[in-house]
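# Geometric and topological summary
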Amino acid sequence: MLVFDHVSKSFGDLRAVDDLSFEVEAGEVFGLLGPNGAGKTTAINMAVGLLEPDEGVVRFADEAFDRDPRDAENRRSLGLAPQSIALYEQIGGADNLRFFGRLHGLRGSDLEERVVACLDFADLTDVGKKVVSKYSGGMKRRLNLAVAIIHDPELVLLDEPTVGVDPQSRNAIFERVEQLRDAGKQVVYTTHYMEEAQRLCDRVAIIDRGRLMALDTVPALIEVHGGPGNLVVRTGDSESRHETTDPLGTLAELQARQAVDHFQYLPPDLETVFLNLTGRALRD
Amino acid sequence: MNKIVAMAAKDIHILFRDKLGFFFTVFFPLMMAIFFGAMFAGLSRGPANIPIALVDQDRTAASERFIERLGQASGLAVEQIPGEEALEQVRRGRTAVLVTLTPGFGAALDNPFVTTPEVEMTVDPTQFAVAGMVRGVLLEAAGAELQDLMSDPARLGAANSQNSLFFESLPPSDARDQMLTFLDLSPRVSSLIDEMGLGAATGGNQGFFGPPLEIEQTEVQAERPGPTNSYATSFAQAMLWTLIGGSVSFSMSIAIERSRGTLMRLLVAPITARHLLAAKGLACLGATLFTSSALITLGITVFDVRPTSYPLLALALLCGSICFCGIMMALSVIGGTEQAAAGIGWGLSLPLSMLGGGMVPLFLMPEWMQRLANISPMKWTLMAYEGAIWRGFTLNEMLLPCTVLVAIGVVAFTLGARRLRWDTG
Ligand SMILES: Nc1ncnc2c1ncn2[C@@H]1O[C@H](COP(=O)(O)OP(=O)(O)OP(=O)(O)O)[C@@H](O)[C@H]1O
Ligand SMILES: [Mg+2]
């Protein structure tokens, strides 16, 4: 179980992560949702021990153990897929997996079994021998993820794993993440795509400027922070939009005034929650 | 250890996959070796002044006169050196030919009727053309000596009376008497020829005698190794270039790991910084040892380079690689990005290599430059390589360059490793 306990981290004057606390359970996909520069990657880097918190503690703990992520021993049980693709482009996909597997102490038939399993996981079995520089963006993303799990870690951290991929690859990645959850792993998933968080994450932490704005399941977040939905009504050539928490009542009111040709109700979603919590001002 | 080896193997794998890196570590040095080897081979056969070393063991007025005559001959640059240094000169390849005037040379020159003057010539067997030319100049000078002698009645008379005394001391016989009559007449030979107006036609009196000079030629290679061929020098330089190429490539590889994000992956893996450093060092050592050994193997098998000592060659290869892997680590600290690492790497390597004899052999440089070259690790590398390839160093002589190389390597590696940036951005 990954625990963030009142963690802060600054770069000079900039407070990249500010008093962040959360816990990730086994068998859960935990979403870190935030705009650019919110501090998602900084939080991930502290979770894997690449950065040291200025304040607070990051722990990897359960009944049996309580470890600091900077402890090399602990790193066996975590796997990271960095935000920018981190692979050796000049060698094959299988060789990348083999190399990182060896670094994690795998050898012989155990190693080969894992390489085969991870190639299959990333749908790259046919191109395992091909050098990575010849891969498409989607293939590299999938391999970037597969390398993170070559040693079958307990905790998998995926930092924006779907950037720059087509809908097919994105869907494949979603399915793989669900597969990891079903296998009882803890998954930390950062993104600024709402629909990803909505589809995949059991719980979502919305962060902005390093601060935790809200943390709950998606339905609960919408319930609390979603606000009214939108009723879109068309009459002839004109279209109007009406905020409402009672779409049927509002529709009846509108129809009483004039005939409605067409209508659509847009319930509040995670994006509404996100914009409500983080505002509409541009970041970075 | 398994992890270190895995990381090192990956780096070497990547180096040889990278076409540009491969070019700089293998093909570029190889092309330099062939180019400079061919160029110097051509030069040394050319008609430019051929440097020859000369030892005068005779030290008579006659031998000095002969040396002066040689000095005036076109095409030779005669450097007279003390006997003890002669071997060293040839060994260091400063001269292709060594001429020795042995005791008795002057006496024979003044009186060539009994003993033909004789010189010893020690040559590099690969420089036959040069040796032939020097031979010609020596014969020409001896011929001119003889002509002078024959046209100088005083000197001729002195020689004759010396010879007459000698023959008179022998037991009487017909042959002895005829010889004495001949000696009696011979001082007048040239004046008789002149009287008949035949001086120019016969070219003096040379025709009466055999060759004016005996040249005893020994090949230098057996006891006194010189650069057996010009490829011996150029392959040593090529091996140096492969070290430079390898160290620059590896110093870039750390920056590349950082910029491509794989450094982050390595740091997240259950290994320590020490593992990482050891792996980089090992990979660099393995790759440079491999490429430099491959080059010299090619030199030996294809270009007939004949190392004087294989164990010392192995030692030189190892020490050179250690030095440049240390430099690699230091370079990777100075250059944070791959462009910076490459720029600084080549920017420093080129002038230091030129200074250290990596392009033009050191012995062709002026004295002060040779002294300044001591600051260049490239100089020491070449010294070690050449010491084992053709200078015929002893283990003792090899110790100096090897110690300097290992010291530079260890210091540079330690400094570099200490200051390496471990952040991933
Ligand atoms: N090494 C660093 N030095 C200085 N500032 C940094 C460093 N790393 C991150 N920052 C700053 O900290 C803030 C948080 O960055 P972080 O990368 O964690 O954001 P993020 O949520 O991952 O953003 P994105 O969605 O763009 O990846 C940003 O303002 C960033 O500029
Ligand atoms: Mg980020």
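As the structure is a computational prediction, the values presented were derived from the model and not from experiment.

Next up on the list: the packing of helix α11 (residues 230-260) of chain B against helix α17 (residues 377-389) of chain B. All names here are of chain B. Two elements in contact, α11 and α17, have axes separated by 9 Å at closest approach and are oriented at 135 degrees. Accordingly, the angle class assigned to the pair α11 and α17 is oblique. Handedness of the crossing formed by α11 with α17: right-handed. Counted together, A232, T233, A236, Q237, M239, L240, L243 and I244 of α11 and M378, T381, L382, Y385, E386 and I389 of α17 form the full contact between these two elements.

For the rest of this paragraph, the subject is the coordination of the magnesium ion (ligand 2). Listed as protein donors to the magnesium ion (ligand 2) are T41(A) (OG1) and Q83(A) (OE1); their distances from the metal cover 1.9 to 2.1 Å. One end of the pair, T41(A), is in helix α1 (residues 40-47); the other, Q83(A), is in the loop between β6 (78-81) and α2 (93-103), and 42 residues separate them in sequence.

In the structure shown here, the tally under the stated rule is 26 salt bridges over all chains. Measuring nitrogen to oxygen at the nearest pair gives 3.0 Å for the salt bridge that ties D18(A) to R15(A). Between E145(B) and R65(B) there is a salt bridge whose closest N-O contact spans 2.8 Å. Taken together, the residues E145(B) in helix α6 (residues 128-150) and R65(B) in helix α3 (residues 61-72) connect sequence positions 80 residues apart. Given a relative accessible area of 30%, R65(B) falls into the partly exposed group.

Let us look at the packing of α11(B) against helix α13 (residues 273-302) of chain B. Residues and elements named next belong to chain B. Running from N to C, α11 and α13 point in directions that differ by 155 degrees, and their axes come no closer than 9 Å. One way to sum up the angle between α11 and α13 is to call them roughly antiparallel. Once α11 is placed against α13, the crossing between them reads as right-handed. Contacts between α11 and α13 involve F235, A238, M239, T242, L243, G246, F250, S253, I254 and E257 from the former and K280, A283, C284, A287, T288, T291, S292, L295, I296 and G299 from the latter. For the contact of α11 with α13, the residue count by class is 11 nonpolar, seven polar and two charged.

With that out of the way, let us pick up the sheet that holds strand β11 (residues 229-235) of chain A. Residues and elements named next belong to chain A. The strand order β12-β11-β13 describes an open sheet built from three strands, whose pairing is antiparallel. If you trace the sheet from one side to the other, it starts and ends with β12 (238-244) and β13 (262-266), each paired once. Adjacent strand axes in the sheet meet at a mean angle of 15 degrees when their direction is disregarded. As paired elements, β11 and β12 share seven bridges and run antiparallel to each other. Pairing of V233 across the sheet is with S240, part of β12. Here helix α8 (residues 247-257) sits on the sheet and contacts β11, β12 and β13; the angle it forms with β11, its principal contact strand, is near 25 degrees.

All names here are of chain A. For strand β3 (residues 28-33), the tally of buried residues reaches six of six residues, placing the bulk of the element in the interior. Pairing geometry for β3 and strand β8 (residues 186-191), over six bridges, is parallel. Each residue of the ladder has a partner; that of F30, found in β8, is V188. Bridging between β3 and strand β9 (residues 203-208) involves four bridges; their strand directions are parallel. When the bridges of β9 are listed, L32 appears paired with A205.

Our next topic: a negative patch on the surface. On the surface, E118(B), E120(B), E214(B) and E216(B) cluster together to form a negatively charged patch. Within the secondary structure, E120(B) is located in strand β4 (residues 118-123).

What follows deals with the interface of chain A and chain B. With 28 residues of chain A at the interface, the matching set in chain B holds 21 residues. For the pair chain A and chain B, the summed buried surface comes to about 2300 Å²; carbon and sulfur atoms form 67% of the total. The largest share of the area that chain A buries against chain B comes from Y88(A), Q90(A) and L103(A), three residues that together contribute 27% of it. Remark: the boundary between chain A and chain B carries zero salt bridges. Our enumeration of links across chain A and chain B arrives at eight residue pairs in polar contact (both at pLDDT 80 or more). When residues of the side of chain A that touches chain B are assigned to their parent elements, the largest contribution, five residues, is made by α2(A). Residues belonging to the side of chain A that touches chain B are distributed by class as follows: 18 nonpolar, five polar and five charged.

Now for the environment of N160(B). All names here are of chain B. Relative to the assigned elements, N160 resides in helix α7 (residues 153-168). You can call N160 buried: its relative accessible area is 4%. The spatial distance from the C-alpha of N160 to the C-alpha of L180 is 9.3 Å, given a sequence separation of 20 residues.

What counts, and at which threshold
All chains use their own residue numbering, which begins from 1 and follows the written sequence. Here the convention is simple: chains get letters from A, ligands get numbers from 1, in the order in which they are written. At least 70 in pLDDT is required for a residue's local features to be given in this predicted model, at least 80 for side-chain atom pairs to be given and counted, and no such filter applies to totals for whole chains, interfaces and linings, which use all residues. For side-chain calculations, the full set of non-hydrogen atoms in the structure is used, while hydrogens and water are omitted. With axes taken as lines fitted to C-alpha atoms, and helix axes fitted only over the stretch in contact, angles between N-to-C directions fall between 0 and 180 degrees. Under the scheme used here, helices are H or I runs from DSSP no shorter than 4 residues and strands are E runs no shorter than 2 residues, and both carry numbers assigned from the N terminus. These descriptions rest on fixed angle ranges, namely under 35 degrees for roughly parallel, over 145 for roughly antiparallel, 65 to 115 for roughly perpendicular, and the rest for oblique. When the near helix sits turned anticlockwise from the far one by under a right angle, the crossing is termed left-handed; a clockwise turn instead gives a right-handed crossing. Here a residue-residue contact requires only that any non-hydrogen atoms of the pair lie within 4.5 Å. Donor atoms (N, O, S) are those found within 2.8 Å of the metal centre, with the cutoff raised to 3.2 Å for Na, K and Ca; water is not part of the atom list, so apparent gaps in a site can occur. The rule for a salt bridge is simple: a side-chain nitrogen of Lys or Arg has to be within 4 Å of a carboxyl oxygen of Asp or Glu. Burial classes follow relative accessibility: with a 1.4 Å probe on protein chains only, a residue under 20% of its type's maximum area counts as buried, one over 50% as exposed, and anything between as partly exposed. The residue classification treats Ala, Val, Leu, Ile, Met, Phe, Trp, Tyr, Cys and Pro as nonpolar and Asp, Glu, Lys and Arg as charged. All others, Gly included, are polar. Paired strands are those between which DSSP finds at least two bridges. Each patch is built from salt-bridge-free residues with over 30% relative accessible area, joining like charges within 9 Å and nonpolar side chains (Val, Leu, Ile, Met, Phe, Trp, Tyr) within 5 Å. Each accessible area value is a Shrake-Rupley result obtained with a 1.4 Å probe; residue values ignore everything except the protein chains displayed when judging cover. Charged residues are defined narrowly, with Lys and Arg counted positive, Asp and Glu counted negative, and His plus the chain ends left uncounted. By convention, charge coordinates are those of NZ in Lys, CZ in Arg, CG in Asp, or CD in Glu. Defined here as a combined quantity, buried area equals the accessible surface (1.4 Å probe) lost by two parts on assembly, summed across both. Pairing of N or O atoms within 3.5 Å defines a polar contact, subject to two protein rules: one partner must be a possible hydrogen donor and the other a possible acceptor, and residues neighboring in sequence count only if both atoms are side-chain atoms.

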